[in-house]
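Close look at the chain arrangement
Residue strings, one per chain:
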Amino acid sequence: METHVYERLKAVRTVLKYSQRDFSKGIFLRQSSYARIEQGKITVNERIIELVCSKYNVNKSYLKDGKGKMFSGNPPDVKLDNLNQIFNQLNGLFQDYLIFQAKELLKVQNKQDEPFSKLG
């Protein structure tokens, strides 16, 4: 059974574990418009295909025709993308604090890993 572009678009979003809201924001669409695309009520045009392929590293042949692998390489890192969105909304002082806290967490993690590295 052949799938439609809107079904493959939903499959991409699902694999990436994005909500419709977050996925649509990445391609500059309102969530309500994107929801109608996934329902097959709005045609997926070339602009949307280009944006999805560019933003989410999706294989254009897969999205348009269902041929080939879903991604052109590695899929985007959703956790890193979410962190980047949060980081960009913070003011400079809070950005600096977040970086400091991340470095401190890394130190704690490395100390926890030390006993295991001595075993090898």
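Because the structure is a prediction, the values reported are computed rather than measured. (Residues numbered from 1 in each chain as written. Predicted model: local features only at pLDDT ≥ 70, side-chain atom pairs only at ≥ 80, totals over all residues. Heavy atoms only, no water.)

1. Focus on the packing of aromatic side chains
Our working definition: Side-chain rings of Phe, Tyr and Trp, where Trp is taken by its six-membered ring, are said to pair if the distance between their centres is within 6.5 Å; with planes under 30 degrees apart they count as stacked, over 60 as edge-to-face, and otherwise as tilted. Numbered from the N terminus, helices here are DSSP runs of H or I no shorter than four residues, and strands are runs of E no shorter than two. Summary of the burial criterion: residues with accessible area below 20% of their type's maximum are buried, those above 50% are exposed, and those between are partly exposed, where the area comes from a 1.4 Å probe applied to protein chains only.
Under the defined criterion, the tally for this structure stands at 4 aromatic pairs. Plain terms: the ring middles of phenylalanine 23 and tyrosine 56 are 4.3 Å apart, the flat faces sit at 10 degrees to each other, and that makes the pair stacked. Of the two residues, phenylalanine 23 sits in helix H2 (residues 20–26) while tyrosine 56 sits in helix H4 (residues 46–56), which places them 33 residues apart along the sequence. Since its relative accessible area comes to 1%, tyrosine 56 is described here as buried.

2. Let's talk about helix H1 (residues 5–16)
The criterion, for reference: To estimate the expected span of a helix, count its residues, drop one, and scale the result by 1.5 Å. Whether two residues touch is decided by their heavy atoms; if any such pair falls within 4.5 Å, the residues are in contact.
The terminal C-alpha atoms of H1, which comprises 12 residues, lie 17 Å apart, in line with the 16 Å expected from a rise of 1.5 Å per residue. Against the buried residues of H1 lie H2, helix H3 (31–38), H4, helix H5 (60–65) and helix H6 (78–89). At the exit of H1 stands lysine 17, carrying a positive phi of roughly 60 degrees.

3. Brief notes about the environment of isoleucine 37
By secondary structure assignment, the location of isoleucine 37 is in helix H3. Owing to a relative accessible area of 1%, isoleucine 37 belongs among the buried residues under this scheme. With 35 residues separating them along the chain, isoleucine 37 and serine 72 place their C-alpha atoms 22 Å apart. Dropping the residues within four chain positions of it, isoleucine 37 is found in contact with Tyr6, Leu9, Leu29, Ile42, Val44 and Ile48.

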